[in-house]
Structure formats: structure tokens, C-alpha cells
Amino acid sequence: MIFSKGKEGFTACPAHATIFSRAGNIMESTATPPIKSRISERMRTQIRQKYRAAAPHPEDKESWLSMWIDYCAPTEPPSQDILDNTWNRLLDSEDTQVNGLCLFDGDTMIGFAHYILHAGTWHKGASCYVEDGYIAPTWRPRGAMLALYEAVIAQAKTDKVEKLYWMTRSDNHTARRFYDRIASDTNWIRYEYDLDNA
């Protein structure tokens with residue numbers, strides 16, 4: 001494969017991110033790539049000191065599941081079989097495609113991101129699609145979403161990803177206001193074909 005699983009977590013701090021293996025051993029220390037945005041460096045520093053991102057572990061399932069159900073509330077939630085499959089893939093270090101990060105405030109899990117590593121035809125390296133990003137409502141005004149995406153970006157850099165992207169609904173104005181501060185709207189339109197009813 002052209003990319004690694006990247007099942008490590010980050011403890012963010014002002015100058016660097018410390019990468020932990022699943023066993024909790026320090027593997028290396030690397031510069032945290034700053035988000036190019038209209039967000040001040042002072043605010044980013046405060047957020048890095050406050051929150052911790054890490055790969056999901058079995059003991060995180062109950063918190064993850066509760067947030068996942070809340071995240072899916074506006075649409076039809078996945079079946080139990082899909083939920084179990086997703087969680088198992090997030091934990092599977094041999095699965096190089098489906099990955100996740102959990103965000104913590106102290107010992108409290110407050111959010112998660114699921115991202116997919118895949119090859120592409122427009123460049124040699126891997127692409128990373130952030131399929132899901134969620135922060136519990138209480139922490140949304142506290143900079144937690146920025147901390148989550150900084151952790152994803154740092155992980156993408158560690159995995160030597162060449163393209164990092166995500167999507168949101170056109171009418172999700174709250175999310176779009178945040179995304180407009182850290183990334184570029186490409187103006188592409190997504191189409192889906194219903195294979196089940198074809």
C-alpha cells in the first residue's frame with residue numbers, strides 16, 4: 001500500500017504533536033501543521049492545550065455510539081450490522097482504509113472523525129476523505145471542532161496524504177461558516193446513483 005493505517009493519537013500542544021501508538025508508547029514527535037485560516041494563532045494554541053485526540057479504543061464504544069446516533073439523527077440511522085462493522089473497522093489495525101480519531105476534553109469523549117484513505121488518479125500519493133466529523137453540542141462553541149480538524153490534518157501529514165477533503169450539505173450553514181475559515185470551497189456537486197433500486 002502507498003499509505004499506512006495511521007492508528008495513532010495526538011496530544012496537541014503549542015509547538016508539536018506527540019504521536020502515541022495504540023499501546024501508549026511515544027513513537028515520535030512531529031511539527032503540527034497549522035491550519036491556514038483566519039483563526040488567530042493565539043486561539044489555536046489555547047485549543048491545542050485544551051483537547052486531546054486519539055485513535056478509538058474498545059472502551060470508547062459506548063461514548064462513540066451515543067454520539068454516532070446523535071450525528072445520524074437528521075437522516076435514517078445505519079442498521080446495527082453497519083454500526084458494528086464500522087466500529088470493528090475503526091479498531092482494526094490491518095484495515096488501511098477506514099480510520100478514526102476521537103476527541104477528548106480530559107477523560108470525556110466529546111467528538112470523533114472518521115476518515116477514509118484511498119488512492120487516486122490525479123496524484124501518486126494517498127487521498128483522505130473525512131466522511132464524518134462530529135462534536136457534542138456543549139463543546140461546539142469552545143473550539144473543539146477546530147481541535148478535531150487540526151488532529152485530522154496532522155494525521156494526514158503523518159500518513160503523507162496528498163489530498164484532504166470533505167463534504168457537507170449545502171444548507172448546513174453552521175458547518176460551512178467553520179469550513180470556510182479553514183479550507184476552500186471547490187464548488188463541485190456530488191451525485192449519487194441508487195444501486196439498490198436500479
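Residues numbered from 1 in each chain as written. Predicted model: local features only at pLDDT ≥ 70, side-chain atom pairs only at ≥ 80, totals over all residues. Heavy atoms only, no water.

**Some thoughts on the environment of Phe 178**
Spelled out, the test is: Here a helix means four or more residues in a row that DSSP labels H or I, a strand means two or more in a row labelled E, and each is numbered from the N terminus. Per-residue accessibility, obtained with a 1.4 Å probe over protein chains only, is compared with the maximum for each type, and a residue is labelled buried under 20%, exposed over 50%, and partly exposed between these values. Any pair of residues with heavy atoms lying within 4.5 Å of one another is described as a contacting pair.
Mapped onto the elements, Phe 178 comes out in helix α5 (residues 173-182). On the accessibility criterion, Phe 178 (15% relative accessible area) is buried. Between the C-alpha atom of Phe 178 and that of Met 145, which follows or precedes it by 33 residues, the distance is 8.5 Å. Those residues in contact with Phe 178, other than ones at most four positions away along the chain, are Met 145, Leu 146 and Tyr 149.

**Details of α5**
Counted only if it meets this: Arc, as used here, means the arc of the directions from the helix axis to the C-beta atoms.
Burial in α5 covers these residues: Ala 175, Phe 178, Tyr 179 and Ile 182. In an axial view of α5, the angular spread of the buried residues amounts to 95°, which keeps them on one side of the axis. Each element contacted by the buried residues of α5 is listed here: α4 (144-158) and β8 (161-166).

**Things to note about unusual backbone geometry**
Of note, the phi angle at Lys 160 is positive, near 60°, even though the residue is not glycine. The residue Asn 187 is not glycine, and still its phi comes out positive at about 70°. Structurally, Asn 187 can be placed in the segment after α5. The exposure class of Asn 187 is exposed, given its relative accessible area of 66%.

**A word on the pairing of strand β5 (residues 98-105)**
To be explicit about the condition: By the convention used here, strands pair only if DSSP detects at least 2 bridges between them.
Counting buried positions along β5 gives eight out of eight residues, so the element sits mostly inside the fold. Of the two faces of β5, the one carrying Val 98, Gly 100, Cys 102 and Phe 104 and the one carrying Asn 99, Leu 101, Leu 103 and Asp 105 are both buried. Here strand β4 (residues 52-54) runs beside β5; their pairing, made up of three bridges, is antiparallel. Bridging across to β5, Ala 53 finds its partner in Leu 103. Bridge count between β5 and strand β6 (residues 108-118): eight bridges; the pairing is antiparallel. Its bridge partner lying in β6, Val 98 is registered against Ile 116.

**As for the confidence of the model for the protein**
Rules: The pLDDT score gives, residue by residue, the confidence of the prediction method on a 0 to 100 scale.
This prediction gives the protein a mean pLDDT of 82; 81% of its residues lie at or above 70. Residue range residues 1-34 is modelled with pLDDT below 50. Its contacts to residues more than four positions away, or to other chains, number 104 contacts.

**Things to note about the packing of helix α2 (residues 61-71) against helix α3 (residues 80-91)**
Basically, it comes down to this: The convention used is that axes are lines fitted to C-alpha atoms, helices contributing only their stretch in contact, and that angles between N-to-C directions extend from 0 to 180 degrees. The labels follow the angle: roughly parallel below 35 degrees, roughly antiparallel above 145, roughly perpendicular from 65 to 115, and oblique for the rest. In this scheme, a crossing is called left-handed if the near helix is turned counterclockwise away from the far one by less than a right angle; it is called right-handed if the turn is clockwise. Three residue categories are used. Nonpolar comprises Ala, Val, Leu, Ile, Met, Phe, Trp, Tyr, Cys and Pro, charged comprises Asp, Glu, Lys and Arg, and polar comprises the others, including Gly.
α3 packs onto α2 with a crossing angle of 130° between their chain directions and a minimal axis gap of 12 Å. Comparing their axes, α3 and α2 come out oblique. The handedness of the crossing between α2 and α3 is right-handed. Touching Lys 61, Trp 64, Leu 65 and Trp 68 of α2 are Leu 83, Asp 84, Thr 86, Trp 87 and Leu 90, all from α3. For the contact of α2 with α3, a count of residues per class yields six nonpolar, one polar and two charged.

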